[in-house]
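Below are the chains, spelled out letter by letter.
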Amino acid sequence: MLNRAKRLALAAATALALVPGAAWPQARTDLVVGMRLEPPHLDPTAGAAAAIDEVTYANLFEPLTRVNADGKVVPGLAQSWTVSKDGLTYSFRLRPNAKFHDGSAADSADVKFSLDRARAADSVNAQKAYFAAIDTVETPDPQTVVVTLSRPDGLFLFHMASGDAAIVAPETAATNKQTPVGTGPFKFERWVSGDRVILARNPAYDGAQPALDRVTFRFISDPAAQVAALKAGDIDTFPQFDTYEALPEFRANPAFMVMVGSTEGETILGTNNGRKPFDDVRVRRAMAHAIDRKTLIDGVLFGNGAAIGSHFPPHRAGYVDLTGMYPYDPEKAKALLAEAGHADGFETTLKLPPPIYARRSGELIAAMLAEVGIRVKVEPMEWAPWLEKVFRGKDYDLTLIAHTEPLDIDIYGRPDYYFNYKSERFLKVEEELNRTQDPVKREKLYAEQQQILAEDAVNAFLFMLPAATVQNAKIEGMWLNRPIQANDVTAVRWK
Amino acid sequence: MRRRVPVSLILGAVITALILAVALLSFVWTPFPAEQIRVVARLRPPGPEHWLGTDHFGRDVLSMIMVGARNSLAVGAAAVALGAAVGVPLGLAAASWGHWGDEAVARLGDLLFAFPAVLTAILLTAVLGAGAVNVVLALGVFNAAVFARVTRGAAFSVWRREFVRAALALGRGPLSVTIIHVLPNVAGVVIVQATVLFAVAVLNEAALSYLGLGIQPPSPSWGKMLGDAQTFLFTAPLQAVFPGAAIALCVLGLNLLGDGLRDVLDPRHRSAPVI
Amino acid sequence: MLAFLVRRLLTLALTAWLATMVVFAVLEVVPGDPALLMLGTQAQPDTLAALRAQMGLDQPIPVRYLRWVGGLLTGDLGTSLTYARPVADLVAERLAITLPLAAMALVLSAVIAIPLGLTAASRHGRAGDWAVMAFGQVGIAVPSFWFAILLILGFSVKLGWFPAGGFPGWQAGAGPALKALLLPAVALALPEAAILARVTRSAALDTLREDYVRTAWAKGLRRRTVLIRHVLPNALIPVATILGLQCAFLIAGAVVVENVFTLPGLGRLLYQAIGQHDLIVVQSVVVLLAMSVVVVNALVDVAYAAIDPRPRVRT
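Residues numbered from 1 in each chain as written. Chains lettered and ligands numbered in written order. Predicted model: local features only at pLDDT ≥ 70, side-chain atom pairs only at ≥ 80, totals over all residues. Heavy atoms only, no water.

A. Highlighting the overall build of chain B. Scanning chain B from N- to C-terminus turns up nine helices and zero strands. Sequence-ordered secondary structure for chain B, helices as α and strands as β, is α-α-α-α-α-α-α-α-α. Reported as C-alpha extents along the three principal axes, the dimensions of chain B are approximately 75 × 50 × 30 Å. When burial is assessed residue by residue, chain B has 59% of its 275 residues classed as buried. With the model as given, the accessible surface of chain B reaches about 11200 Å², and the carbon-plus-sulfur share is 71%. Computed over 19 positive and 13 negative side-chain charges, the separation of the two mean positions in chain B equals 7 Å. (Helix = DSSP H or I, 4+ residues; strand = E, 2+ residues; numbered from the N terminus. Buried < 20%, exposed > 50% of the residue type's maximum accessible area, 1.4 Å probe, protein only. Areas by Shrake-Rupley, 256 points an atom, 1.4 Å probe, with all protein chains shown as cover. Lys, Arg positive; Asp, Glu negative; His and termini not counted. Charge placed at Lys NZ, Arg CZ, Asp CG, Glu CD.)

In structure tokens:
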């Protein structure tokens, strides 16, 4: 008996060695990914926390479509789709052998359930608006889903690619927060509360098998501990690494690789346009002149970040460079303030949310504004009061925040948005944009919007938040840029 | 036999005086303006220009520590003053009322002591918002409870003494007895307690500022300097050493002073120790 | 004795009830909406309302208070708003880190402080005594979070012997887990050890003046024997009292140290829950902490009453 087992094992080992291309020593198949924040739970359809998507997106859950490393919409659970001429009917063809991690088939009924759940009256989906245009969801056969819209929506496929549109099964939807069950190439294994989430390769996955067997997401919020963990090899790759001061050291070390890519995070000095003295465009322009963006980027991001002159990322089509509109000029700022009747400056408060970029930028900007006579009182806040007071209550003078949703310039057209900005000119362009499908025309309209925002100096536009990744030099396949919030490890392998 | 002046009193007085002197000096002179930002000169190690180096915004660390001394002492003093202003009258009143009033004060104390001071302060700053004034309030509440308890205990023993009974028998009211006889006799205990609580307040203020809830920029504070320095442990480790040493020295001085004063003013050790 | 016990129990219940009122009231006025925090800036009003209803936040304040207190009485701590898990589970999980941490700190401080205190007392007025007194002063003065940072600087950054923070979980084995807890335990133990050393010293000094100890000296017993056989057992009463009081404070004191080392213990859970506006977690954990302090205090009182039958005067 024992002999037989031995023989079998030997045979298996020989067979393995004979597989062409099998190299020795074998490349590692485990990966530890560092993250700053722990997700509150793991259900992307019931929460806005970026950390949820950073664990689950594309790895564990799949939406109908998905966004790839270049920011393009590619097939997800749907292998193909067609759009009717009028842009109202989308017909998705699902992968025939797709299965949930519990073994049940992922078919059109699950898609219908997921979409209907997201747009239901009692939905708690953080992006319910993405589903607002849906009129009906039909399931002619298990592999086909037909979605009819009530109005054309140029961004529908893009929105359906978000983590909020992940396809879930009715049987497990209620328990996904703790034990997520999706259709992705990795399945949930364990969550050590406060420390890590472990995913394991899903051998039943119907698509291409990933190179990794096991992926661990470790949560380390302290910068010194992050650096130490990377150096000790406890963490293999750290995307969204924001301890920028440590980057030069890692760059100089051949065992590590440092990538600095782009995010969608326009960082702005949020200004309450509805409150005195910020209702005066001269005051807002004065502030734009008073801020030295180069020093700011140097001081906060240690040089890793691009200045912006309006609310639009430089890597997107339609971007216009408006950074030259308000060059750093304290004298001009003082003159503008005097013109607006504030020759002696004024006092104001700056409410800062918790991220370190916000706290550091706030401290520097307070000092810069003091140079031109604006005396700023800094008030740090946790997220809950920030959202309640600043974002919803609009009870603030100045704040500082990166807006990380992709293509979100439309927020300047929303009524009651926390900037209290009202512009007929901007709204007109926005309406035209909603009617326009032609990409070239859309780019022109986006450019026009950027120009309007810059002229009105709605907020002081500061910089794009960079996406820095520090990792073991032997890893390949991590994303350089962050077109959406995700740590897609499906294509990651060790060299 | 005359008592010798305790060594701890001398040492404590010298250290406290030194820190007070530095704090006062910072009003008229610091090597650099403490709030002056020069990003190009950031994270310099200690040297002839910047004796203790510069922080991540290029501010002079020595200047920040000097101004930080002023801030720490101010917050500590305010928290102690607030605590004494509320707690001492409460304790005296409880001792003179007896019964229900006393019971109420005692239970209120129980309630407050159930929450560790730092926890109370974190919760209160969550309600009121971060900042120096709110930290004073939060620490003041805790101090008031300590003062009330200690004053009450000391006042009780005074009330039991012969001369107080005599005064009462002569027809003096409880208020005048409290002011003429009780207060002077508990003053020593209160002073000792104030010194000890001062040290605790400095320590707690530093902890809150470290967590980002205390004194706000641009005003420098020792705790926040430590919090900032922690992110630069790899690039500028010394940044984490100086502000902490300042906190430790200040607390050490005040504690020694308290111990020394206790030996002189309160030989029977009725004031509560630091825990 | 019975009357005293009843009285003590009654005040305990009163304090507990007041504590729930205070904590609940304080959290009611903290600005922030848990639903908005969960769903973020893109959330629609109807979605927020749906989530608030799901969380039970649409109920009037008295109803929510009674539900919560009722739950506490039946041992149900409620469900976390952020983690959507029973608070009892979260607390149990975090205690698996905080309790060992506190225990390690307690043992460390006792192991360091008691021999130091005894030695100091036996060399009263000499150099050894002075050194221990200096340790007592410095140990209290050094802020534990700074000491923690210095430990990270020395043992993690420079030497690389210990992790700079985080916790691998007990699943990773006792070795790595204890390794992750050692530096935080040392940081927590220092101020406790300083206090304990002072208490041990003065208790031992008192005992040394007793007649039977003098007799032991006179019999010519060795110093070690006298200290361990005669002085230590008697000095242990005040020392044990202080240790008991410190138990409760250690758990609370862990808030700051757990933050420095990013240890997922109870203190960090509480601190994060305050930031995340997870009312249920904050309420229940704070009351739990407060209760543990109150109960320990009561136990110390009762223990004293049992040992010392004289009438009690509270100070």
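Moving on, there is more to tell.
B. Quick peek at the nonpolar core. By size, the foremost hydrophobic cluster in this structure holds 269 residues, and its most contacted members are Tyr412(A), Tyr418(A) and Phe419(A). With 18 residues, helix H8 (residues 174-208) of chain C is the largest single contributor of residues to this core. Apart from residues lying up to four places away in sequence, Phe419(A) is in contact with Ile268(A), Thr271(A), Asn272(A), Asn273(A), Gly274(A), Tyr396(A), His403(A), Ile411(A), Tyr412(A), Val458(A) and Asn459(A). (Core = buried A, V, L, I, M, F, W, Y, C linked by side-chain atoms within 4.5 Å. Contact = heavy atoms within 4.5 Å.)

C. How the structure looks around the interface of chain B and chain A. Chain B puts 18 residues into the contact, and the matching count from chain A is 20 residues. Carbon and sulfur atoms make up 65% of the surface buried where chain B meets chain A, a total of about 1700 Å² over both sides. Among the residues chain B hides against chain A, the three largest losses belong to Phe57(B), Thr231(B) and Phe234(B). Together they make up 33% of the total. Where chain B meets chain A, there are two salt bridges. Across the pair Glu363(A) and Arg59(B) runs a salt bridge whose closest N-O atoms are separated by 2.9 Å. Where chain B meets chain A, there are four residue pairs in polar contact (both at pLDDT 80 or more). (Buried area = accessible area lost by both parts, 1.4 Å probe. Salt bridge = Lys/Arg side-chain N within 4 Å of Asp/Glu carboxyl O. Polar contact = N/O pair within 3.5 Å; in protein donor to acceptor, adjacent residues only side chain to side chain.)

D. Summary view of the packing of helix H4 (residues 117-128) of chain B against helix H11 (residues 266-276) of chain C. For the pair H4(B) and H11(C), interaxial distance at closest approach is 10 Å and the crossing angle is 10 degrees. Comparing their axes, H11(C) and H4(B) come out roughly parallel. Relative to H11(C), H4(B) is oriented so that their crossing is right-handed. Contacts between H4(B) and H11(C) pair Leu119(B), Ile122(B), Leu123(B) and Ala126(B) from the former with Leu270(C), Tyr271(C) and Ile274(C) from the latter. Across the contact of H4(B) with H11(C), the residue classes break down as seven nonpolar, no polar and no charged. (Axes fitted to C-alpha atoms, helices over the stretch in contact; angles between N-to-C directions. Parallel < 35°, antiparallel > 145°, perpendicular 65-115°, else oblique. Left-handed = near helix turned anticlockwise from the far one by under 90°. Nonpolar A, V, L, I, M, F, W, Y, C, P; charged D, E, K, R; others polar.)

E. Examining the side chain of Thr267(A) more closely. Within the element layout of this structure, Thr267(A) appears in strand E12 (residues 256-271). Ignoring any residue separated from it by four or fewer positions in sequence, one finds Thr267(A) in contact with Ile308(A), Tyr357(A), Leu400(A), Ile401(A), Ala402(A), Phe461(A), Leu462(A), Phe463(A) and Leu465(A).

F. How the structure looks around the pattern of salt bridges. Counted according to the given criterion, the structure contains 41 salt bridges over all chains. Its salt-bridge partner being Asp236(A), residue Arg28(A) comes within 3.1 Å of it at the nearest N-O pair. In this pair, Arg28(A) is assigned in the loop between helix H1 (2-18) and strand E1 (30-35) and Asp236(A) in the loop between helix H5 (223-231) and strand E11 (237-238), connecting sequence segments 208 residues apart. Across the pair Lys112(A) and Asp116(A) runs a salt bridge whose closest N-O atoms are separated by 3.0 Å. Placement of both Lys112(A) and Asp116(A) in helix H3 (residues 108-119) is noted, with a separation of four residues, approximately one turn of the helix. Shared partners join several salt bridges into a network, and the residues in it are Glu363(A), Asp55(B), Arg59(B), Lys224(B) and Asp228(B).

G. Looking closely at unusual backbone geometry. Residue Pro277(A) is reached from Lys276(A) by a cis peptide bond, and omega for that bond is -5 degrees. With respect to the helices and strands, the residue Pro277(A) is situated in the loop between E12 and helix H7 (281-290). Of the consecutive residues Pro217(B) and Pro218(B), the connecting peptide bond is found in the cis state with omega at 10 degrees. Here Pro218(B) shows up in the loop between helix H7 (174-210) and helix H8 (222-230). Backbone geometry places Phe302(A), a non-glycine residue, at a positive phi of 50 degrees. For Phe302(A), the position within the fold is in the loop between helix H8 (293-301) and helix H9 (330-339). Of note in this structure, His277(C) is not a glycine but carries a positive phi near 60 degrees.

H. A look at the interface of chain C and chain B. Counting residues at the interface gives 49 residues for chain C and 41 residues for chain B. Interface area, chain C with chain B, both sides summed: about 4000 Å², of which 78% is carbon and sulfur. Along the contact surface separating chain C from chain B lie one salt bridge. One salt bridge connects Asp259(B) with Arg198(C), and the closest N-O pair in it is separated by 2.8 Å. Seen at the junction of chain C and chain B, the total is four residue pairs in polar contact (both at pLDDT 80 or more).

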